[in-house]
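Now for the letters of each chain:
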Amino acid sequence: MFADCTQNCTERHKQTGKSAVILRNGRFVSGFISSGFVDRHITSDELLHLDLEVLDFKRLPDGVILDCDAWSHETHRDAGFCEVMFSCSDVICCWNEFTGDAWFQK
């Protein structure tokens, strides 16, 4: 749950278990990963090898920026902080747990 959701009176993010951010007509624009004091750009192919936990979500007029904690499939370790930008026509956020008091955004 995002802190700025109008139905969220706590003004805090809410963890909901596994979730999905669906980007309609989504296209990878850019991304970087920060591990320690080193930042480096990542490609869309590298992004496919990461599990991302979304920490923050910024909507843009023509897309989104996701701030994430990244886990590497290749090294089986924390890969660091990741920021990824996508262009898209629409964003749908879905949760599959705690739906009784969830705030769904579209």
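Residues numbered from 1 in each chain as written. Predicted model: local features only at pLDDT ≥ 70, side-chain atom pairs only at ≥ 80, totals over all residues. Heavy atoms only, no water.

## Focus on the pairing of strand S5 (residues 63–72)
Now for step 1: The buried fraction of S5 is high, at eight of 10 residues.
Now for step 2: Relative to S5, strand S4 (residues 50–60) runs antiparallel, the two sharing 10 bridges. Of the residues in S5, the one forming a bridge with Glu53 is Asp69.
Now for step 3: Linking S4 to S5, which pair antiparallel, is a turn of two residues. (Buried < 20%, exposed > 50% of the residue type's maximum accessible area, 1.4 Å probe, protein only. Helix = DSSP H or I, 4+ residues; strand = E, 2+ residues; numbered from the N terminus. Pairing = 2+ DSSP bridges.)

## Examining unusual backbone geometry
Now for step 1: At Asn25, a position not held by glycine, the phi torsion is positive, near 55°.
Now for step 2: Mapped onto the fold, Asn25 is located in the loop between strand S1 (19–24) and strand S2 (27–35).

## Here's the deal with the environment of His73
Now for step 1: Relative to the helices and strands, His73 is located in the loop between S5 and strand S6 (78–87).
Now for step 2: The exposure class assigned to His73 is partly exposed, which follows from its relative accessible area of 37%.
Now for step 3: Spatially, the C-alpha atom of His73 lies 5.5 Å from that of His49, the residues being 24 residues apart in sequence.
Now for step 4: In this view, His73 contacts Leu48, His49, Leu50 and Asp51; residues no more than four positions away in its chain are not counted. (Contact = heavy atoms within 4.5 Å.)

## Regarding the pattern of salt bridges
Now for step 1: Applying the stated criterion across every chain, the model contains three salt bridges.
Now for step 2: The closest approach of N and O atoms between Asp67 and Lys58, which form a salt bridge, is 2.7 Å.
Now for step 3: Since its relative accessible area comes to 32%, Lys58 is described here as partly exposed. (Salt bridge = Lys/Arg side-chain N within 4 Å of Asp/Glu carboxyl O.)

## Examining the confidence of the model for the chain
Note: predicted coordinates in regions of low pLDDT should not be interpreted at a detailed level.
Now for step 1: In the predicted model, the chain carries a mean pLDDT of 76, and 72% of its residues have values of at least 70.
Now for step 2: For the chain, strand S7 (residues 90–95) is the element with the lowest average pLDDT, namely 76, and S2 is the one with the highest, namely 90. (pLDDT = per-residue confidence, 0-100.)

## Notes on the nonpolar core
Nonpolar side chains tend toward joint burial in soluble globular proteins.
Now for step 1: Grouped together as the largest cluster of nonpolar side chains are 16 residues, with contacts concentrated most on Ile33, Leu50, Val64 and Cys82.
Now for step 2: Every element with two or more residues in this core is listed here: S4, S5, S6 and S7.
Now for step 3: When sequence neighbours within four positions are dropped, the list of residues in contact with Ile33 reads Val38, Asp39, Arg40, Ile42, Leu50, Ala70, Ala79, Phe81 and Cys82. (Core = buried A, V, L, I, M, F, W, Y, C linked by side-chain atoms within 4.5 Å.)

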